[in-house]
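# Tertiary structure, described
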Amino acid sequence: MTNDHGTRERLANFICAASGAQRVRIARLERMSGGAVQQNWALDAEATGGPHAGVHAWVLRMDAPATVAESLTRSEEFRVLQAMHDAQVLAPRPLWLCGDTAVAGSAFFIMERLPGVAAGHKVARDPALVPDRSRLARELATNLARIHSVQPHAALAFLRTMLARDDIAHYRAYLDTLEESYPVLEWGLRWCERNAPEREETTFIHRDYRTGNYLVDAGALAGVLDWEFAAFGNPLEDVGWLFAKCWRFGRDEYPVGGVAAAGDFIDEYEARSGRTVSPFALRYWQVMAHLRWAVIAMQQRERHRSGVEPSLELALTGHILSDLEHEILALTEAGAA
Amino acid sequence: MKNLPAGADLLAIARRTLISELRPLLGESARYTLAMVANAMAIAAREIEAGERPAREALARLDALFGVAARALTGAALHDALREHDRRLARDIRAGAFDEDGDRRRALIEHLRESVEARLRVSNPKGLEG
């Protein structure tokens, strides 16, 4: 999408019709940073007439040129956000979905723009942003428990169900498409297979619930972003992902995403969800988190290598593989099978 | 520096120039990009410095693990042999051939750890400190 007069006019017409306004004036349309897979545009507009009359700060979210096979379509992500809004999860409120590619070049939706800072290295490293670490940990826990309170249901039938053994099979299938072999990842996958939980609960899961994907505003959790990997699965997968060393932005003294102590989060999550997070389950899902990140890092490296999207950032992402393997060995050698 | 291969030496001095002379001229966003460029150059220089040694050492460990007579290979032959070993290793691990505690399992873990550490020395030596 380009920010030209025609695009703005088509957008204004779409919003006018969708919101029931008499007139919509677009004051600002600007590409936001981040989002390698999706493009986010800051959209400031003023609506005249209708239920949305007034000045608004919105986000327009659309597919980027190179999409990742695993992620949801905009229309699916829109429905996920609606379900989260119904469950009182802190997340941007979805407004309108546009499937007509003539408007902006590809499908998009508009959601409210929440205040705050998301950038992981800032949230984890700037103490002024998180003056009360314990509070943020409890808010992250409460919110995650709400996300996990959503059970599989018909309106979200397009979501995949991914339990531990499904994850293992999925990652192995990916490794089998590659020319090179990855013995350390195979080791981690075998460990996960041998230690897989006997029985698993299945709930809605975010699958990218980590520092860098939530907004912090005035020291509080303002909302969770990036819902394109959502699925049904073991709720503890989200906990392992949030705790994984690869998402601590160098702040290993704070196991909860580099921002808070483990106990503050676990106590609150257990109290709110009624689940128990055993130390072994936490370790298990951290191993799985590193395996998953390793697979995604390889896919990103492949986007660069294949020439589809030459990018220094994607090329360097491939080089974090050895850090992930190092952590997988450290977590699995420490005992159990 | 004079002992480095010429390519690694060029990368090292280019990187230093980038950081000392160009970085101060840039804004925050461009500095972030520059840090990525500098990181890529450092990785490439370490890879050149390490040369074939990590691959030769991995081959020696895997030849021993699989009971193959030690070979002194270089270049494409070295990498082909290593790739063949890795393929077998991956298959065996997945099939559970190393599940049982014992010397073979311990030798495998030792090999995996040394391989990862050799790659970390190129990709991110700081990762070895933790």
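In every chain, residue numbers begin from 1 and rise along the written sequence. Chain labels run from A onward and ligand labels from 1 onward, assigned in the order the entries are written. In view of the model being predicted, local features appear only for residues whose pLDDT reaches at least 70, and side-chain atom pairs are presented and counted only at 80 or more, with totals across whole chains, interfaces and linings using the full set of residues. With hydrogens and water excluded, all non-hydrogen atoms of the structure serve as input to the side-chain values.

### Let's talk about the overall build of chain A
Secondary structure elements follow DSSP: runs of H or I no shorter than four residues count as helices, runs of E no shorter than two count as strands, and numbering proceeds from the N terminus. Summing up its helical and strand segments, chain A has twelve helices and ten strands in all. Whereas a compact globule of 337 residues would reach a radius of gyration of roughly 20 Å, chain A reaches 21 Å, a difference of no more than 12%. Only protein chains enter the accessibility calculation, which uses a 1.4 Å probe; a residue whose area is less than 20% of its type maximum is buried, one above 50% is exposed, and one in between is partly exposed. Taking all 337 residues of chain A together, the buried fraction comes to 58%. Contacts are assigned to residue pairs with any non-hydrogen atoms lying within 4.5 Å of each other. Residue pairs in contact within chain A that sit at least 24 positions apart in sequence constitute 70% of those at least 6 positions apart. Accessible surface computed for chain A: about 13500 Å², of which carbon and sulfur atoms make up 50%. Distance between charge centres in chain A, computed from 35 positive and 44 negative side chains, equals 3 Å. The globule rule is 2.2 Å times the number of residues to the power 0.38, and the radius of gyration it is compared with is taken over C-alpha atoms. For the area figures, the Shrake-Rupley method with a 1.4 Å probe applies, and any residue is considered shielded solely by the protein chains shown. When charges are counted, Lys and Arg contribute as positive and Asp and Glu as negative, whereas His and the chain ends are disregarded. Charge placement uses NZ in Lys and CZ in Arg. For Asp and Glu, CG and CD serve respectively.

### Here we look at the pattern of salt bridges
Salt bridge criterion: a side-chain nitrogen from Lys or Arg within 4 Å of a carboxyl oxygen from Asp or Glu. For the structure shown, the criterion picks out 38 salt bridges over all chains. Residues Glu179 of chain A and Arg83 of chain B are paired through a salt bridge, measuring 3.2 Å at the closest nitrogen-oxygen approach. In this pair, Glu179 of chain A is assigned in the loop between α6 (164-175) and α7 (183-194) and Arg83 of chain B in helix α4 (residues 75-95), connecting two distinct chains. Classification of Glu179 of chain A by relative accessible area gives exposed; the value is 61%. Judged by relative accessible area, which is 26%, Arg83 of chain B ranks as partly exposed. A salt bridge links Glu52 of chain B to Arg56 of chain B, with the shortest nitrogen-to-oxygen separation between them at 4.0 Å.

### Notes on the nonpolar core
Residue and element names in this part refer to chain A. Ranked by size, the top nonpolar core spans 78 residues in total, and within it Phe204, Trp227, Val239 and Phe265 carry the most contacts. Here the element with the most residues in this core is helix α10 (residues 279-305); it accounts for 14 residues. With residues up to four places along the chain from it excluded, the contact list for Val239 reads Leu144, Phe265, Ile266, Tyr269, Val277 and Leu282. Among buried residues, the Ala, Val, Leu, Ile, Met, Phe, Trp, Tyr and Cys ones that are joined through side-chain atoms within 4.5 Å form a nonpolar core. Formed by 23 residues, the second largest nonpolar core is a distinct cluster that contains Cys16, Ile26, Leu43 and Ala45.

### Description of the sheet that holds strand β6 (residues 161-162) of chain A
Backbone hydrogen bonds hold the strands of a sheet together, and the pairing may be parallel or antiparallel. Residues and elements named next belong to chain A. In short, DSSP must find at least two bridges between two strands for them to pair. Pairing is mixed in the open sheet, where three strands are placed in the order β6-β10-β7. The open sheet is flanked by β6 and β7 (203-205), the only strands paired with a single partner. Inspection of the sheet shows β6 paired to strand β10 (residues 231-233) by two bridges, in the parallel sense. Looking at the pairing, Thr161 lines up with Phe232 of β10. For helices, the axis comes from a line fit to the C-alpha atoms of the stretch in contact; other axes are also lines fit to C-alpha atoms, and the angle between any two N-to-C directions lies between 0 and 180 degrees. Those strands touched by helix α8 (residues 235-243) are β6, β7 and β10, and its axis lies near 25° from that of β7.

### Quick word on the pairing of strand β5 (residues 108-112) of chain A
Residue and element names in this part refer to chain A. Burial within β5 is extensive, with four of its five residues counted as buried. Two strands pair when backbone bridges link them, and strand β3 (residues 54-63) and β5 are joined in this way by five bridges, in the antiparallel orientation. By the bridge assignment for β5, Trp58 is matched with Glu112.

### Things to note about the environment of His85 of chain A
Mapping His85 of chain A onto the fold places it in helix α2 (residues 74-86). Those residues in contact with His85 of chain A, other than ones at most four positions away along the chain, are Arg93 and Pro94 of chain A.

### A look at the side chain of Arg207 of chain A
Residues and elements named next belong to chain A. Mapped onto the secondary structure, Arg207 falls in the loop between β7 and β8 (214-217). Its relative accessible area of 2% is what places Arg207 among the buried residues. A polar atom in the side chain of Arg207 sits 3.1 Å from the side chain of Glu237. Aside from chain neighbours lying at most four places away, what touches Arg207 is Arg160, Met162, Asp167, Tyr171, Phe229, Ala231, Glu237, Asp238, Trp241 and Arg292. Under the rule applied, a polar contact is a pair of N or O atoms within 3.5 Å (in protein, one hydrogen donor and one hydrogen acceptor; residues adjacent in sequence only if both atoms are side-chain atoms).

### Some words on the environment of Asp4 of chain A
Residue and element names in this part refer to chain A. Turning to its location among the elements, Asp4 is positioned in the segment before α1 (5-19). Overall, Asp4 belongs to the partly exposed group, its relative accessible area being 33%. Linking Asp4 and Met62, residues 58 residues apart in sequence, is a C-alpha distance of 17 Å. Only 2.7 Å separates the side chain of Asp4 from the backbone nitrogen of Thr7, close enough to count as a polar contact.

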